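What follows is each chain in one-letter form.
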Amino acid sequence: MNTINETNFQFPKQKSVYKGKVREVYNIDDEVLVMIASDRLSAFDVILPRQIPFKGQILNQIATKMMNDTVDVVPNWLVANPDENVAIGHLCEPFKVEMVIRGYMSGHAAREYKAGKRVLCGVEMAEGMKENDKFPEPIITPSTKADNGDHDEDITREEILSKGIVSEADYTVLENYTRALFKRGTEIAAKRGLILVDTKYEFGKTKDGKIVLIDEIHTPDSSRYFYADGYAERQEKGEKQKQLSKEFVRQWLIENGFQGKEGQQIPEMSDEKIIEISNRYIELYEQITGEKFVKANTENVLARIEKNVTEFLTS
């Protein structure tokens, strides 16, 4: 199966291209951005050597659906989806923070809690909590947006404001938007028999100063989901929760001695493991959206994307 590792397009009126861990973003005439979701797989802020078939299409289509399902509560950057792997949106100046919101003590929060910490990003966590317990209220634990593949770092609201990373007026909007999106995401997940455990949102400012949601939303790469059925019983018994997220990739890497730390070797992924991960992403798509996943034609995937994007930009 053909996968997308990287792209090197030259679209009409293209000014520049930015290549992130998973997405590649083309600036068209300082007006719109063409965001292409590759099939690269990132974990612990490291891009793994092999790509996952259909992963980019899955992430792009979940994010698009979720943007359309939340645009009535928070404005977003999206203009069009001319291809299964592509989102085109308004040019924005991104805020240099990721707004992470957690409804449950899981993942990074649970690891910090286990290490004895009771304050995360300036937010207090109560004593006596167990991994995957629900917080009384969702907590916002922002992180700095890393450049050049560096690790994202936890940061407090006070540090963001004192360092002038975001103004207080704008940050208040980001917090309100984050809570509104998480509330809607929780409602959407509940209809699918899922619990939205935690997620992250990224925001930017349009040329006319409007704050909008950008990048991905409620995808298995940016979010953690539990199956609602049996959650309480598993929690009561101290059992692991049934998860629907990229966490299964992280756990496999941890079991094979890799957490992105210096000197650690990325374990080799067999063809069987690649297909297994691809199938898990398809399962995630179908569970999260409630729709059957339709595989795009990948016979000549780069030519397909170039044709569809160029036609949109020149129409």
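Predicted model, so just to flag it, every value in this text is computed and none were measured.

Summarising the element assignment, Leu48 is placed in the loop between strand E5 (46-47) and helix H1 (55-70). Considered as a pair, Leu48 and Thr298 are 250 residues apart in the sequence and their alpha carbons are 21 Å apart.

What follows concerns unusual backbone geometry. Its identity as a non-glycine residue notwithstanding, Asp30 has a phi of 55°, on the positive side. Following the sequence through the fold, Asp30 ends up in the loop between strand E2 (23-28) and strand E3 (32-37). Its relative accessible area of 29% is what places Asp30 among the partly exposed residues. A positive phi angle, near 60°, is found at Asp45, a position not held by glycine. Among the secondary structure elements, Asp45 is positioned in the loop between strand E4 (42-43) and E5.

Okay, helix H4 (residues 168-191) next. Given a rise of 1.5 Å per residue, 24 residues ought to cover 34 Å, and the 35 Å separating the end C-alpha atoms of H4 matches this to within 8%. Listed in full, the buried residues belonging to H4 are Asp170, Tyr171, Leu174, Glu175, Thr178, Leu181, Phe182, Arg184, Gly185, Ile188 and Ala189. Positioned one or two residues after H4, Gly193 has a phi angle of 75°, which is positive.

Applying the stated criterion to the full structure yields 3 cavities of 30 Å³ or more. Empty space within the largest cavity amounts to approximately 100 Å³. Forming the walls of the largest cavity are 14 residues, and the residues nearest its centre are Met35, Asn60, Ala63, Ala87 and Asp215. Among the elements of the structure, E3 and H1 are those that each provide at least two residues to the lining of the largest cavity. For the lining of the largest cavity, the element with the highest residue contribution is H1, accounting for 5 residues. Looking at side-chain class alone, the lining of the largest cavity contains 8 nonpolar, 3 polar and 3 charged residues. There is about 50 Å³ of room inside the second largest cavity. Along the walls of the second largest cavity sit Asn2, Ile4, Asp39, Phe54, Gln57, Asn85, Ala296, Thr298, Val301 and Arg304, which together make up its complete lining. Taken together, the residues of the lining of the second largest cavity break down into 4 nonpolar, 4 polar and 2 charged.

What follows covers the pattern of salt bridges. Close approach of charged atoms allows side chains of opposite charge to pair. Taken as a whole, this structure holds 29 salt bridges when the rule is applied. The partner of Lys200 in a salt bridge is Glu98, with the nearest N and O atoms 3.5 Å apart. Linking Lys200 in strand E14 (residues 194-206) with Glu98 in strand E9 (residues 97-104), this pair joins segments that are 102 residues apart in sequence. With a relative accessible area of 22%, Lys200 lands in the partly exposed category. Glu98 gets classed as buried once you look at its relative accessible area, which sits at 3%. In this structure, Glu283 engages Arg280 in a salt bridge whose closest nitrogen and oxygen atoms are separated by 3.9 Å. Within this pair, Glu283 and its partner Arg280 are both found in helix H7 (residues 271-289), separated by 3 residues, close to a single helical turn. In this structure Glu283 comes out as partly exposed when scored by relative accessible area, which is 34%.

Turning our attention to the packing of helix H6 (residues 247-255) against H7. Remark: H6 packs on H7, axes separated minimally by 11 Å, with the N-to-C direction vectors making an angle of 155°. Regarding the angle of H6 to H7, the classification is roughly antiparallel. Two secondary-structure elements touch here, H6 through Phe248, Val249 and Trp252 and H7 through Lys273, Ile277, Arg280, Tyr281 and Leu284. A breakdown of the residues in the contact of H6 with H7 according to their chemical character gives 6 nonpolar, no polar and 2 charged.

This brings us to the side chain of Ser38. Among the structural elements, Ser38 can be located in the loop between E3 and E4. Accessibility expressed as a relative area gives 1% for Ser38, which makes it buried.

Taking burial as the measure, the 6 residues of E3 include 6 buried ones, the bulk of the element. Burial along E3 is two-sided: the residues Val32, Val34 and Ile36 and Leu33, Met35 and Ala37 are all buried. Direction of pairing for E2 relative to E3: antiparallel, over a ladder of 6 bridges. Residue Tyr26 lies in a different strand from E3, and its bridge partner there is Val34. A loop of 3 residues connects E2 with E3, the two strands running antiparallel in sequence, and Asp29 in this loop sits at a positive phi of about 55°. Bridge analysis of E3 against strand E7 (residues 86-90) gives 5 bridges, and the strand direction is antiparallel. Counterpart to Ile36 in the pairing with E7 is Val86.

To continue, consider the packing of H1 against H7. Look at H1 against H7: their axes get within 10 Å of each other, and the N-to-C directions meet at 15°. Judged by the inter-axis angle, H1 sits roughly parallel to H7. With respect to the hand of their crossing, H1 and H7 are arranged in left-handed fashion. In this structure, H1 contributes Lys55, Ile58, Leu59, Gln61, Ile62, Lys65 and Met66 to the contact, and H7 contributes Tyr281, Ile282, Tyr285, Ile288 and Thr289. Here the contact of H1 with H7 is composed, by residue class, of 8 nonpolar, 2 polar and 2 charged.

Rules of the game
Residue positions are given per chain, counted from 1 along the sequence in the order it is written. Residue-level local features of this predicted model are given only where pLDDT is at least 70; pairs of side-chain atoms are given and counted only at 80 or more, and the full residue set underlies all totals for whole chains, interfaces and linings. The side-chain numbers reported here are obtained from all heavy atoms of the structure, hydrogens and water having been left aside. The secondary structure listing takes helices from DSSP runs of H or I that are at least 4 residues long and strands from runs of E that are at least 2 residues long, numbered from the N terminus. Whether a residue is buried, partly exposed or exposed follows from its accessible area with a 1.4 Å probe, protein chains only, as a fraction of its type maximum: under 20%, in between, or over 50%, in that order. How far a helix is expected to stretch is found by multiplying one less than its residue total by 1.5 Å. In this analysis, the protein atoms alone were mapped onto a 1 Å grid. Cavities are point sets where a 1.4 Å probe fits without being able to get out; pockets are open sets with protein on both sides within 12 Å along at least five of seven lines; lining residues have an atom within 4 Å of a point. Grid points are joined across faces, edges and corners, and a volume is the space filled by probe spheres set on the points. For this classification, Asp, Glu, Lys and Arg are treated as charged, while Ala, Val, Leu, Ile, Met, Phe, Trp, Tyr, Cys and Pro are nonpolar and the rest, including Gly, are polar. What makes a salt bridge here is a side-chain nitrogen of Lys or Arg within 4 Å of a carboxyl oxygen of Asp or Glu, nothing more. For helices, the axis comes from a line fit to the C-alpha atoms of the stretch in contact; other axes are also lines fit to C-alpha atoms, and the angle between any two N-to-C directions lies between 0 and 180 degrees. Should an angle fall under 35 degrees it is called roughly parallel, over 145 degrees roughly antiparallel, and 65 to 115 degrees roughly perpendicular, with every other angle called oblique. Pairs of residues are marked as contacts when any of their non-hydrogen atoms sit within 4.5 Å. A pair of strands counts as paired when DSSP detects no fewer than two bridges linking them. By convention the crossing between two helices is left-handed if the near helix lies anticlockwise of the far one by an angle smaller than a right angle, and right-handed if it lies clockwise.

Function cannot be inferred from these measures alone, as they are strictly geometric.
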